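Structural description and commentary
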Amino acid sequence: MLRYFITKRLVVYRNPMTNLAAAPPGATNRRRGRNRQLVLDVLERATRPMRAYELLELLREDGFRAPLQVYRALEQLIADGAVRKIESLSAFALCAQGESRAAFAICSACGHARAFHDPALDRALRRPAGRAGFTATAATVELSGLCERCAHE
């Protein structure tokens, strides 16, 4: 339990176990929201999924100095359902808000990835999981192949 006291209009919270100052309950870090929005903006403009270090290079001018800043923002965006990690590429891409299951068609020639959602695919994924006694909270399907443009070249 955190205890607090007020000193000249500043509320200071202390953990009674350690007697160290702590953030107030429910407090949010302002930069965390800013970093999350900056990462989201870059991913919205990207033409392909991006790796964390690519994001870091693009965001250096905005004050990003360490990979941890990018990874924290990505963790929050994934938790929000706005971003998905494409495991086969070790990269991140936008995903529709609130979709717990997504499929990505990934072009092996140009790297472009397109997210799509299909209720039939959702049912097809839930059915065997349910039979196995497993309740899936999220799923990502990755399809590799050629996009329409690369297939015609």
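Here, the structure is the one placed above.
This text gives an overview of the structure that appears in the document. (Residues numbered from 1 in each chain as written. Predicted model: local features only at pLDDT ≥ 70, side-chain atom pairs only at ≥ 80, totals over all residues. Heavy atoms only, no water.)

1. Points about the pattern of salt bridges
The test is simple: By convention in these notes, a salt bridge is any Lys or Arg side-chain nitrogen within 4 Å of a carboxyl oxygen on Asp or Glu. The cut-offs for exposure are 20% and 50% of the maximum accessible area for each residue type, with area from a 1.4 Å probe on protein chains only; residues under the lower value are buried, those over the upper are exposed, and the others partly exposed.
Throughout the structure, instances matching the rule amount to three salt bridges. Close ionic contact of Glu54 with Arg48 constitutes a salt bridge, the shortest N to O distance being 2.9 Å. The partner of Glu57 in a salt bridge is Arg60, and the shortest N-O contact between them spans 3.2 Å. With relative accessibility at 31%, the residue Arg60 sits in the partly exposed group.

2. Let's talk about the nonpolar core
How we decide: Definition of nonpolar core: a set of buried residues of the types Ala, Val, Leu, Ile, Met, Phe, Trp, Tyr and Cys, connected through side-chain atoms within 4.5 Å. Helix and strand assignments follow DSSP, with helices taken as H or I runs no shorter than four residues and strands as E runs no shorter than two, numbered in order from the N terminus. The contact criterion used throughout is that any non-hydrogen atoms of two residues lie within 4.5 Å.
Judged by nonpolar contacts, the single largest core of 18 residues is most densely connected at Val39, Leu55, Leu74 and Val83. If you list the elements that add at least two residues to this core, you get α1 (30-45), α2 (52-59) and α3 (67-80). Counting residues per element, this core draws most heavily on α1, which supplies five residues. Leave out the neighbours within four places in its chain, and Leu55 touches Val39, Val42, Leu43, Met50, Val70 and Leu74. Among the nonpolar cores identified, the runner-up in size contains seven residues, and Ala93, Cys95, Ile106 and Ala113 belong to it.

3. Here we look at the environment of Ala52
Positionally, Ala52 belongs in helix α2. Between the C-alpha atom of Ala52 and that of Leu68, which follows or precedes it by 16 residues, the distance is 9.4 Å. Aside from chain neighbours lying at most four places away, what touches Ala52 is Val70, Tyr71, Leu74 and Phe92.

4. Quick look at the packing of α2 against α3
Here is the rule we go by: Note on geometry: axes are C-alpha line fits, over the in-contact stretch for helices, and angles between N-to-C directions span 0 to 180 degrees. Oblique is the label for every angle not falling under 35 degrees (roughly parallel), over 145 degrees (roughly antiparallel), or within 65 to 115 degrees (roughly perpendicular). Each crossing gets its handedness from the near helix: less than a right angle anticlockwise from the far helix is left-handed, clockwise is right-handed. For this classification, the nonpolar set comprises Ala, Val, Leu, Ile, Met, Phe, Trp, Tyr, Cys and Pro, the charged set comprises Asp, Glu, Lys and Arg, and every other residue, Gly included, is treated as polar.
α3 packs onto α2 with a crossing angle of 115° between their chain directions and a minimal axis gap of 9 Å. The orientation of α2 with respect to α3, classified from their angle, is roughly perpendicular. Between α2 and α3 lies a crossing of right-handed hand. Residues Ala52, Tyr53, Leu55 and Leu56 of α2 pack against Pro67, Val70, Tyr71 and Leu74 of α3. Class assignment of the residues belonging to the contact of α2 with α3 gives a composition of eight nonpolar, no polar and no charged.

5. Quick word on the sheet that holds strand β6 (residues 101-107)
Quick reminder of the rule: Here the rule is simple: two strands pair whenever DSSP picks up at least two bridges between them.
Taken together, three strands build an open sheet; the order of strands is β7-β6-β8 and the sheet is mixed. The open sheet has two edge strands with one neighbour each: β7 (113-116) and β8 (139-145). Taking each pair of neighbouring strands and ignoring which way they run, the sheet shows an average axis angle of 20°. Two elements, β6 and β8, share seven bridges in a ladder whose sense is parallel. The partner of Ala102 across the bridge, within β8, is Thr140. Across the sheet, helix α4 (residues 119-131) is in contact with β6 and β8; its angle to β6 comes to roughly 115°.

6. Quick look at the pairing of strand β4 (residues 83-86)
The pairing of β4 with strand β5 (residues 91-94) spans four bridges and is classified as antiparallel. Across the sheet, Ile86 pairs through a bridge with Ala91, a residue of β5. Hairpin geometry of β4 and β5 is characterised by an intervening segment of four residues between the two adjacent antiparallel strands and by a positive phi of about 50° at Ser90.

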